[in-house]
Structure formats: C-alpha cells, structure tokens
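# Topology and contacts: notes
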Amino acid sequence: MGEKTRYHIVIEEATAEDSNSIYEIGCQCFPDAWREETIKNDLAGAHSQYFVAKINGGIVGYGCFWFVADEAQLVNIGVYPSFRRKGVAEEIIKRGILEAVSRHMQTMFLEVRVSNLAAQKLYWKYNFKVVSVRKDVYEPLLKKAYNFWKQIGNPEYYTDTDGNARYEKGKC
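Residues numbered from 1 in each chain as written. Predicted model: local features only at pLDDT ≥ 70, side-chain atom pairs only at ≥ 80, totals over all residues. Heavy atoms only, no water.

Right, let's get into the sheet that holds strand β2 (residues 48-55). Here seven strands make up an open sheet; going across it, the order is β1-β2-β3-β4-β5-β7-β6 and the pairing mixed. Two strands close off the open sheet at either side, each with one partner strand: β1 (9-13) and β6 (129-137). On average, adjacent strands in this sheet sit at an angle of 25 degrees to one another, irrespective of strand direction. Here β2 runs beside strand β3 (residues 58-68); their pairing, made up of eight bridges, is antiparallel. (Pairing = 2+ DSSP bridges. Helix = DSSP H or I, 4+ residues; strand = E, 2+ residues; numbered from the N terminus. Axes fitted to C-alpha atoms, helices over the stretch in contact; angles between N-to-C directions.)

The next point concerns the pairing of strand β5 (residues 107-113). Most of β5 sits out of view: five of its seven residues are buried. Sheet topology places strand β4 (residues 71-79) next to β5; four bridges connect them, and they run parallel. Note that in β5 the partner of Q73 across the bridge is F109. Of the strand pairs in this sheet, β5 and strand β7 (residues 143-151) are connected by seven bridges, and their pairing is antiparallel. Paired with T107 across the bridge in β7 is Q151. (Buried < 20%, exposed > 50% of the residue type's maximum accessible area, 1.4 Å probe, protein only.)

It is worth spelling out the side chain of N76 at this point. Following the sequence through the fold, N76 ends up in strand β4. With residues up to four places along the chain from it excluded, the contact list for N76 reads F30, W34, Y62, G63 and C64. (Contact = heavy atoms within 4.5 Å.)

Looking now at the packing of helix α3 (residues 88-102) against helix α4 (residues 117-125). Viewed as axis vectors pointing N to C, α3 and α4 meet at an angle of 40 degrees, and their least axial separation amounts to 11 Å. Judged by the angle between their axes, α3 and α4 are oblique. Of the two elements, α3 crosses α4, and the hand of that crossing is right-handed. Seen from α3, the contacting residues are A89, E90 and I93; seen from α4, they are L122, Y123 and K125. Looking at the contact of α3 with α4 residue by residue, the class counts come to four nonpolar, no polar and two charged. (Parallel < 35°, antiparallel > 145°, perpendicular 65-115°, else oblique. Left-handed = near helix turned anticlockwise from the far one by under 90°. Nonpolar A, V, L, I, M, F, W, Y, C, P; charged D, E, K, R; others polar.)

On to the packing of helix α1 (residues 19-29) against helix α2 (residues 36-43), then. Interaxial distance between α1 and α2 falls to 9 Å at its minimum, and their mutual angle equals 130 degrees. Considering the angle they form, α1 stands oblique to α2. Crossing geometry of α1 relative to α2 is assigned as right-handed. Two secondary-structure elements touch here, α1 through S19, N20, I22 and Y23 and α2 through E36, I39, K40 and L43. Taken together, the residues of the contact of α1 with α2 sort by class into four nonpolar, two polar and two charged.

As structure tokens, this is what we get:
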C-alpha cells in the first residue's frame with residue numbers, strides 16, 4: 001500500500017519502555033489520544049498486545065490489539081504522518097492478524113472513522129467487511145464510525161512446522 005519505499009520496516013512486540021513513543025505517536029494521530037498512563041496500564045494487560053513499527057531503529061508506528069475469548073480487536077493504530085503511505089500500517093495489521101491466528105482467534109473487529117478512507121482501503125485489502133455504523137463516537141467531534149469484521153483462520157493463513165502463524169501472500 002502506498003508508495004514504494006527504501007525503508008526496511010521491522011515489527012516488534014512493544015515493551016513498557018515504548019510507552020512514551022506510543023503516546024507521542026497517538027498525540028500526532030488522534031485528537032482523543034490515550035494518556036501515557038492508560039497506555040502503560042494497557043501494555044501490562046493480559047488481553048492486550050502492542051506492536052511497534054521501527055525504521056532505522058526508531059519507532060514510527062504502533063498497533064494495539066486486544067484478544068478476548070475467541071475475538072481479536074484492533075483497538076488503535078497510529079503512524080507518524082511523515083511515515084504514512086509507506087507500508088507501515090499494513091505491516092502492523094499483518095502482524096496483528098498473525099498474532100490473532102497464533103492465539104486461535106475466530107474473528108477480528110475494528111472501528112474506523114467514516115471519513116478515514118485510506119484506512120478503510122487498507123482494511124478492505126485484508127478482507128475486513130463493514131458490519132455496522134456507530135454514531136457520535138470519537139470525541140470531541142462526535143463523528144460516525146464503521147465497525148469492520150474479519151473471519152480469522154481463512155486459507156491465507158497457515159501454521160508452519162514450528163507452530164508459528166504465517167501469512168501467505170496473494171490469498172488475502
């Protein structure tokens with residue numbers, strides 16, 4: 001997705017030390033960004049998994065996923081504006097989906113502003129479908145949002161001989 005780039009994007013599990021970077025990116029991306037204390041608490045939660053995207057060793061994006069029962073949810077994803085449309089969000093999405101597969105999740109949900117067409121295009125690429133519209137969300141502006149849903153465990157995902165979830169390109 002986006003322009004071809006010379007960047008090598010590395011996706012890693014976030015640690016508590018990454019909370020300030022996640023907070024700073026959130027503030028750049030969202031008018032209603034989570035407080036750093038909220039991020040720290042969520043990072044420590046058993047149901048929560050954060051991933052950070054790094055380019056040249058610096059964090060340029062993050063994704064927060066929750067895993068409860070057999071459902072995964074992409075709760076938050078943000079990329080520094082100067083690194084958008086370079087494949088960063090796509091790599092985070094792919095890593096989150098693979099984590100959901102490895103945790104034996106059946107479905108994944110996410111919510112996106114109706115006005116965020118770039119994000120919707122990315123979600124459609126990975127076979128997410130709109131299942132409903134929510135009104136008056138995303139303070140302070142009270143905008144509409146789409147709820148997206150995706151079946152997990154489709155044929156485009158498989159488990160390698162070591163039991164690791166893998167994505168098979170071209171089938172998604």
